[in-house]
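# Remarks on the overall topology
Residues per chain are reported as follows:
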Amino acid sequence: DDHPYIPPGPNDLRGPCPGLNTLANHGYLPRDGRNLNVSVIVDAGFNGYHMEADILGIAAKVATLTSRDPLSFTLDDIKLHGNIEHDASVSRADFITGDNVHFNETIFSVLANANPGVDFYNTTSAGQVQHTRLAQSTATNPNLTNTDKEFFIRSVESAFYLSAMGDPVTGVAPKNFVQIFFREERLPIAEGWKRSEVPINSDTLGPLFNSIAAQSNWTRGEGCHWVMLSP
Ligand code: HEM
Ligand code: MG
């Protein structure tokens, strides 16, 4: 294994994204979490998850706005609230609490306990988790931001964890793989996970996104102007 799991040391930066933290913990991204740019991210996502550049590259481009350096950013920079980072996350607390970065088992319990009675998550459970997490934030966070943008990003992220840890065509992902991914930020190779043979791209993510979004029973908060992210 030329990409062993090594948890971060005291000088290594990590951030609010379990997908990128995991890539850094396996050395697909720089283990120190620094000097990231679009091409470093696109290569790491391809090598680690078989994720192609069409959607991944948009996220990486947006993240370039989180640092003052126009050419690079760190895993810590991407916590910038209102860039990609948003409220009602599935594994992190809202910005208003003071920690929108670190894994939070209490927040994560909604996802962990989803789909009772079976050993997998799917687009139905992912939609339900988003619905519950938004209800929790709505009840507790007077600064909650819930526009089309946050809804879009949250649904993409759910499609990301189902695709990276499970079957990107069906959107079915074993619970233990997903839980190890979030809790340990580790690829569950020892437990039987394999990098998808099917590339993860807009063709596969699109249907999962639509299914998750539909089943999250989302209601629009305040409106806002959309920023075009790609042609
Ligand atoms: C959040 C997975 C790529 C930035 C998330 C979440 C997941 C995820 C599942 C939701 C965490 C939660 O709600 O608690 C992935 C996977 C990726 C990937 C599998 C494939 C490589 C990226 C890229 C960027 C990015 C390229 C930008 C450079 C973020 C940020 C968050 C996030 C800032 C925090 C959003 C929030 O929950 O408030 N990611 N991600 N991710 N991701 Fe990623
Ligand atoms: Mg968040």
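Cut-offs used in this document
Residue indices begin from 1 for each chain and proceed along its sequence in written order. Think of it this way: whatever chain is written first is A, whatever ligand is written first is 1, and the rest follow in order. Owing to the predicted nature of the model, reporting of local features is limited to residues with pLDDT of at least 70; listing and counting of side-chain atom pairs is limited to 80 or more, with chain, interface and lining totals taken over all residues. Only heavy atoms go into the side-chain values, all of them from the structure, while hydrogens and water stay out. Note on conventions: DSSP H or I runs of at least 4 residues are helices, E runs of at least 2 residues are strands, and numbering of each starts at the N terminus. Contact definition: two residues touch when any of their heavy atoms are within 4.5 Å. Here a polar contact means two N or O atoms within 3.5 Å. Within protein one must be a hydrogen donor candidate and the other an acceptor candidate, and residues neighboring in sequence count only if both atoms are side-chain atoms. Because water is not among the atoms used, a metal site may look incomplete, as its donors are only the N, O and S atoms within 2.8 Å, or 3.2 Å for Na, K and Ca. Note on definitions. A residue lies near a molecule or strand when any single heavy atom of the residue is within 4 Å of it. Under the scheme applied here, ten amino acids are nonpolar (Ala, Val, Leu, Ile, Met, Phe, Trp, Tyr, Cys and Pro), four are charged (Asp, Glu, Lys and Arg), and all others, including Gly, are polar.

## As for the environment of Pro-168
With respect to the helices, strands and loops of the structure, Pro-168 is situated in the loop between helix H6 (148-165) and strand S2 (173-174). Separated by 17 residues in sequence, Pro-168 and Glu-185 have C-alpha atoms that sit 19 Å apart. Ignoring any residue separated from it by four or fewer positions in sequence, one finds Pro-168 in contact with Ser-163, Ser-196, Val-198, Ile-200, Thr-204 and Leu-208.

## Focus on the environment of Lys-79
Within the fold, Lys-79 resides in the loop between helix H3 (53-63) and helix H4 (105-112). In the structure, Lys-79 is positioned 63 residues away from Pro-16 in sequence and 5.9 Å away in space, judged by C-alpha atoms. The residues touching Lys-79, leaving out its near neighbours within four places in the chain, are Pro-16, Glu-85, Asn-100 and Val-101. In this structure the side chain of Lys-79 is engaged in a polar contact, spanning 3.1 Å, whose partner is the side chain of Asp-76.

## Regarding the coordination of the iron atom of ligand 1
When only protein atoms are considered, the iron atom of ligand 1 has one donor, Cys-17 (SG), at a distance of 2.3 Å. Examined against the element boundaries, Cys-17 turns out to sit in the segment before helix H1 (18-25).

## Some points on the site of ligand 1
Near ligand 1 there are 26 residues, and of these Cys-17, Glu-85, Ser-89, Val-90 and Ser-91 occur at the shortest range. With respect to ligand 1, the backbone of His-86 contributes an N or O atom lying 2.9 Å from an oxygen atom. In the environment of ligand 1, an oxygen atom lies 2.8 Å from a nitrogen or oxygen atom belonging to the backbone of Val-90. At the level of elements, H1, helix H2 (38-49), H3 and H6 are the ones that each hand at least two residues to the shell around ligand 1. For the shell around ligand 1, the per-class residue count stands at 19 nonpolar, four polar and three charged.

Everything listed is a geometric property; what it means functionally is a separate question.
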